[in-house]
Amino acid sequence: MNPVPTTFKLDEVGSSGIGAEDVERSEAEPFKRCAALGAIDALNSRFEKRLAARFRVDNSLTRPLVSFQANKARAIYRWLKYKEAFSAGLVEHLLARQKISRGVLLDPFAGSGTALFASGEVGLRAEGIELLPIGQKIIATKQLIDWDLASEDIETLLRWAEQMPRPNATTIRAINELRITTGAYPQETLAAMEKFLGAVQMENQRVQAILQFTLLCVLESISYTRKDGQYLRWDYRSGRRQGKKIFDKGEIVPFDVAITGKLREIVGDLQSALLPEDLFFKTRSRADVVLHPGSCLELLPKFEAGAYDVILTSPPYCNRYDYTRTYALELALLGVNEAGLLKLRQEMLSCTVENRAKDLLRMNPAWKSAVAAADEHELLQSILRYLESQRELDLLNNTGIPRMVRGYFYEMACVIAECARVLKPGAPLIMVNDNVRYAGASVSVDIILSEIAQKIGFDIESILVLPNGKGNSSQQMGSHGRDPLRKCVYVWRKR
């Protein structure tokens, strides 16, 4: 790489105040950066060769199957667009490949509950852990449909879809807002939402729950916002300050149109005689699907050792996505306040730059071996040193990136240690995850987590690679090219 050009002589100070020492440093930095990236690439290649026998491109793992897209054809899964979910078809596919048809499945990052309910199709009982109230609400709604919803409730929902009841003024219920959601709806939409929530209170608890869930399903379409990974994008019509590029999300759907359309979809699915079997598989009892609300770092250590036959999960990726921001509208509607939002953000796995470092050994001294496995991983430590050097040189677009990446891997090491503890010997842990890139450095999440898992109780059975890699962010592509990143399904087995 050519050094950064400069017009300053090495023995004089230019009008900007840059002297010889500054110029030498500015010329040297690109070389240092290239050398550091080269060292990371060389280490990465060595580790890839070491695990070459475990990597396998699997053409059956299409992106729609692994992502939420395949759920668009399945009732309830399609009602609320939960982009972070994997598909029910993937769960069925992976369990069939592993020939798992009995026992108890655990998902420590349950999300919208796809693994919990899809596993019921093959006769498994399931337990999950989920921190975010939006995921908890989706799961609770599915449980209500499976166990409690009566035919007369569906008739009531149909009446709502055909003719919205008109509430009395005294029944209007104010919409909870957060600082980051204030002004998210047109005024007429906000008023209609308050009337809707007021009228909902006339119904029984089961119908209320479905109607409130219906409103959650349409929030994005009726608002000025659109989910965009790390944050909410705001339409120019919101009046919020714009960035360099004005964002126009297109049609903002009127409230009555959105809510009645979604209700018709829900009622149609509930009434249909051709419902997918996986949706309304009737579990044998309420104990067959159990959700534990909270953080898996807090809850997993309380679970019984050797109790589970399979773990199937997709943790948050190390990609800066802040679910407390992208799902802020839904969280606000569910009653989360400012203090609650900050608490959720900190309790989440470190996948956003706003997470503070967690004192893992103070949380659980038994995680000493897991922390040591992360400390000793050469590739991980090389990446962390590089990111810290870029932070010190002010070359990162956010100074919290090194702390986030470090927190992610150390916390995941502790989660993996707990998974090893609660699985039966010989049982598999199946995980969907993505590799990432920061400041030009490819972060092989699959290699690092698999080798940490190997040190703390697992054998690496396979790392199944999707045939088409994931693209970089536009910023990373502009600076470092279009080199694709692996998206994988890891299969580890408890020793």
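The shown structure was predicted, so the numbers you read here are calculated from the model rather than taken from an experiment.

Q: Looking at this structure, how should I read unusual backbone geometry?
A: Trans is the prevailing form of peptide bonds, just as negative phi is the prevailing case for residues other than glycine. In this model, K99 sits at a positive phi of 55°, which is unusual for a non-glycine residue. Mapped onto the elements, K99 comes out in the loop between α3 (88–97) and β2 (104–107).

Q: Looking at this structure, I do not really get the packing of aromatic side chains. What am I missing?
A: The description of two aromatic rings rests on the distance between their centres and on the angle between their planes. Evaluated as defined, the whole model comprises eight aromatic pairs. Sitting over the face of the ring of F247, R233 holds its NZ or CZ atom 4.1 Å from the ring centroid. R406 extends its terminal NZ or CZ atom over the ring of Y410, reaching a point 4.3 Å from the ring centre.

Q: Explain the sheet that holds strand β1 (residues 55–57) here, please?
A: Sheet strands pair via backbone hydrogen bonds, and the direction of the pair is either parallel or antiparallel. If you trace the eight strands from one edge of the open sheet to the other, you get β1-β11-β12-β8-β7-β2-β3-β6, paired in mixed fashion. With partners counted over all chains shown, the strands left at the sheet margins are β1 and β6 (289–293), one partner each. In this sheet, neighbouring strand axes are inclined to one another by 20° on average, regardless of whether the strands run parallel or antiparallel. One ladder, built from seven bridges, connects strand β11 (residues 458–465) with strand β12 (residues 487–494); its direction is antiparallel. Residue pairing in the sheet places D459 in a bridge with R493 of β12. Running at roughly 5° to β12, helix α18 (residues 445–455) makes contact with β1, β8 (428–434), β11 and β12 of the sheet.

Q: Please explain the packing of helix α6 (residues 151–162) against helix α9 (residues 255–271) as it appears in this structure.
A: Geometrically, a packed helix pair is captured by the angle between its two axes and the distance between the axes. It is at 9 Å that the axes of α6 and α9 come closest, and there the two elements cross at 150°. Judged by the angle between their axes, α6 and α9 are roughly antiparallel. Classified by chirality, the crossing of α9 by α6 is left-handed. Within the contact between the two elements, α6 uses I154, E155, L157, L158, W160 and A161 and α9 uses T260, L263, R264, V267, L270 and Q271. Partitioned by chemical class, the residues of the contact of α6 with α9 number eight nonpolar, two polar and two charged.

Q: I would appreciate a short explanation of the nonpolar core in the present structure.
A: When a protein is soluble and globular, its nonpolar side chains tend to lie buried together. Counting residues in each nonpolar core, the largest one holds 131 residues, and the members touching the most others are L215 and W492. Looking at this core element by element, the count peaks at 15 residues for helix α17 (residues 401–422). Excluding anything up to four places from it in sequence, L215 contacts M193, F196, L197, F255, I259 and L333. Counting 30 residues, the second-largest nonpolar core is a separate cluster that includes V91, L95, I139 and V432.

Q: Even after reading the chapter, I still don't get the pattern of salt bridges, so can you show me in this structure?
A: Once the charged atoms of two side chains with opposite charge are near each other, the side chains can pair. Inspection of every chain in the model, using the stated rule, returns 30 salt bridges. For R345, the salt bridge is made with D322, and the minimal N-O distance between the two is 3.2 Å. Placement of R345 in helix α13 (residues 338–347) and of D322 in the loop between β7 (310–313) and α11 (323–326) is noted, with a sequence separation of 23 residues between them. Neither residue differs from the other here; R345 and D322 are each classed as buried.

Q: I keep staring at the pairing of β7 and nothing clicks. Help me out?
A: One face of the sheet, then the other: side chains in a regular strand alternate in exactly this way. Because side chains alternate across β7, one face comprises the buried residues V310 and L312, and the other comprises I311 and T313, equally buried. Relative to β7, β2 runs parallel, the two being bridged by two bridges. Note that in β7 the partner of L105 across the bridge is V310. By the bridge criterion, three bridges tie β7 to β8 in an arrangement that is parallel. Its bridge partner being in β8, I311 is matched across the sheet by L429.

Q: How do you make sense of α9 when you look at a structure like this?
A: Along an α-helix, residues three or four apart share an orientation, since each turn contains 3.6 residues. Taking 1.5 Å of rise per residue, 17 residues should cover 24 Å, and α9 covers 24 Å from first to last C-alpha, within 8% of that figure. Listed as buried for α9 are F255, A258, I259, T260, K262, L263, I266, V267, D269 and L270. Each element contacted by the buried residues of α9 is listed here: α5 (133–147), α6, α7 (187–200) and α8 (205–222).

Q: What am I meant to see in α8 here?
A: Taking 1.5 Å of rise per residue, the 18 residues of α8 would be expected to cover 26 Å, and the 25 Å separating its terminal C-alpha atoms lies within 8% of that figure. Its axis deflected by about 25° at L216, α8 carries its strongest bend there. Capping the start of α8, N204 holds a side-chain oxygen 3.0 Å from the backbone nitrogen of R206, two or three residues further along.

What counts and what doesn't
- Residues numbered from 1 in each chain as written.
- Predicted model: local features only at pLDDT ≥ 70, side-chain atom pairs only at ≥ 80, totals over all residues.
- Heavy atoms only, no water.
- Helix = DSSP H or I, 4+ residues; strand = E, 2+ residues; numbered from the N terminus.
- Phe/Tyr/Trp six-rings, centres within 6.5 Å; stacked < 30°, edge-to-face > 60°.
- Lys NZ or Arg CZ within 6 Å of the ring centre and 35° of its normal.
- Pairing = 2+ DSSP bridges.
- Axes fitted to C-alpha atoms, helices over the stretch in contact; angles between N-to-C directions.
- Contact = heavy atoms within 4.5 Å.
- Parallel < 35°, antiparallel > 145°, perpendicular 65-115°, else oblique.
- Left-handed = near helix turned anticlockwise from the far one by under 90°.
- Nonpolar A, V, L, I, M, F, W, Y, C, P; charged D, E, K, R; others polar.
- Core = buried A, V, L, I, M, F, W, Y, C linked by side-chain atoms within 4.5 Å.
- Buried < 20%, exposed > 50% of the residue type's maximum accessible area, 1.4 Å probe, protein only.
- Salt bridge = Lys/Arg side-chain N within 4 Å of Asp/Glu carboxyl O.
- Expected span 1.5 Å × (residues − 1).
- Bend = angle between axes of the 7 residues up to and from the residue.
- Polar contact = N/O pair within 3.5 Å; in protein donor to acceptor, adjacent residues only side chain to side chain.

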